[in-house]
Amino acid sequence: HVDAADASAIAGAIGQEKQRQRRHQVKESMLRMLDADLFLEIGAETSPEAAIEAGSEALRHAGYVRGDYVEDVMDRERRSSTAFGSGFAIPHSLHTDALRTGVCILRPDRSMMWHGEPVRLILLFAVAPDGLVVFRKVLDVLSQVLTDTERFEEFVDAAGNKADFVEALDRVVA
């Protein structure tokens, strides 16, 4: 016979396991989005618009988006800044019209200003029609992880290349 305390413990364990599985799925989705050619170092004097242009060109060159993608992202950014107050920005289009879902990771050499917010990490997402659900899940987990100061620093340090970023992803999104 299971009493209330046992039932509560079981429910807690099930909840923890579901959360672990969800984080694992998000990590796997994020790994599929990463491309070694889409890790860019930029200068802190770079404007948000120039960062978006550089990332968009890298995404276009790698076959993730068409040439008009940059205008969609700029339009989104004009409506509302995609900078989060904790040091990162996640620019993206309002449309799910990318050829493939992926992310370009841009790391300034030091903190740069992104529409009034200091930013040290930029994740420029391209979302294909079949990638919207995955993008939302990844965005949810990343926004939680990146607002944690210690974990954020780990991601900034690792954002120079895919191998280091994947290692950080393994440690942080367990």
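An account of the accompanying structure is given in this report. Each chain has its residues counted from 1, following the order in which its sequence is written. Given that the model is predicted, a residue must reach a pLDDT of at least 70 before its local features are reported, and side-chain atom pairs must reach 80 or more before they are shown or counted; all residues, however, enter totals for whole chains, interfaces and linings. Note that water and hydrogens are dropped before the side-chain values are worked out from all heavy atoms of the structure.

## A short note on the packing of helix α1 (residues 4–33) against helix α6 (residues 162–172)
To describe two helices that pack against each other, one gives the angle between their axes and the distance between the axes. Orientation of α1 relative to α6, taken along the N-to-C sense of each, is 175°, at an axis distance of 10 Å. By the angle between their axes, α1 is roughly antiparallel relative to α6. Residues R23, K27, M30 and L31 of α1 lie in contact with α6, whose contacting residues are F165, V166, L169, D170 and V172. Gly is put with the polar residues, along with every residue not named as nonpolar or charged; the nonpolar set is Ala, Val, Leu, Ile, Met, Phe, Trp, Tyr, Cys and Pro, and the charged set is Asp, Glu, Lys and Arg. Counted by class, the contact of α1 with α6 contains 6 nonpolar, no polar and 3 charged residues. Each axis is a line fitted through C-alpha atoms, taken for helices only over the stretch in contact, and angles between the N-to-C directions span 0 to 180 degrees. By the criteria applied, helices consist of DSSP H or I runs no shorter than four residues and strands consist of E runs no shorter than two, each listed in order from the N terminus. These descriptions rest on fixed angle ranges, namely under 35 degrees for roughly parallel, over 145 for roughly antiparallel, 65 to 115 for roughly perpendicular, and the rest for oblique. When checking whether two residues touch, look at their non-hydrogen atoms; a contact exists if any pair is within 4.5 Å.

## Concerning helix α2 (residues 48–61)
An expected span of 1.5 Å times one less than the residue number is assigned to each helix. In this model α2 runs 20 Å from its N-terminal to its C-terminal C-alpha over 14 residues, within 8% of the 20 Å that 1.5 Å per residue would give. With a 1.4 Å probe rolled over the protein chains alone, any residue whose accessible area is under 20% of its type maximum counts as buried; one over 50% counts as exposed, and the rest are partly exposed. Taken together, the buried positions of α2 are P48, A51, I52, G55, S56, A58 and L59. Viewed end-on, α2 has its buried residues packed into an arc of 160°, placing them on one side of the element. Downstream of α2 by a residue or two, G63 has a phi angle that is positive, lying close to 85°. It is the directions from the helix axis to the C-beta atoms that the arc portrays.

## Focus on unusual backbone geometry
A positive phi angle, close to 50°, is found at H115, a residue other than glycine. Residue position: H115 is located in the loop between β5 (112–114) and β6 (117–119). For H115, a relative accessible area of 41% translates into the label partly exposed.

## Some words on the pattern of salt bridges
Take a side-chain nitrogen of Lys or Arg and a carboxyl oxygen of Asp or Glu: if they are within 4 Å of each other, that pair is a salt bridge. Evaluated as defined, the whole model comprises 8 salt bridges. The salt bridge partner of D109 is R110, with a shortest N-O separation of 3.5 Å. Using a relative accessible area of 52% as the deciding quantity, one classes D109 as exposed. On the basis of relative accessibility, which here comes to 52%, the residue R110 falls in the exposed class.

## Regarding the packing of aromatic side chains
A pair of Phe, Tyr and Trp rings is counted when the ring centres sit within 6.5 Å of each other, with Trp represented by its six-membered ring. The angle between the planes then sorts it: under 30 degrees is stacked, over 60 is edge-to-face, the rest tilted. Using the criterion set out here, one finds 5 aromatic pairs in the structure. An angle of 65° between the planes, with centres 5.2 Å apart, marks the rings of F125 and F135 as edge-to-face. With F125 in strand β7 (residues 121–126) and F135 in helix α4 (residues 132–146), this residue pair connects regions lying 10 residues apart in the sequence. Chaining the aromatic ring pairs together yields one cluster made of F39, F155 and F165.

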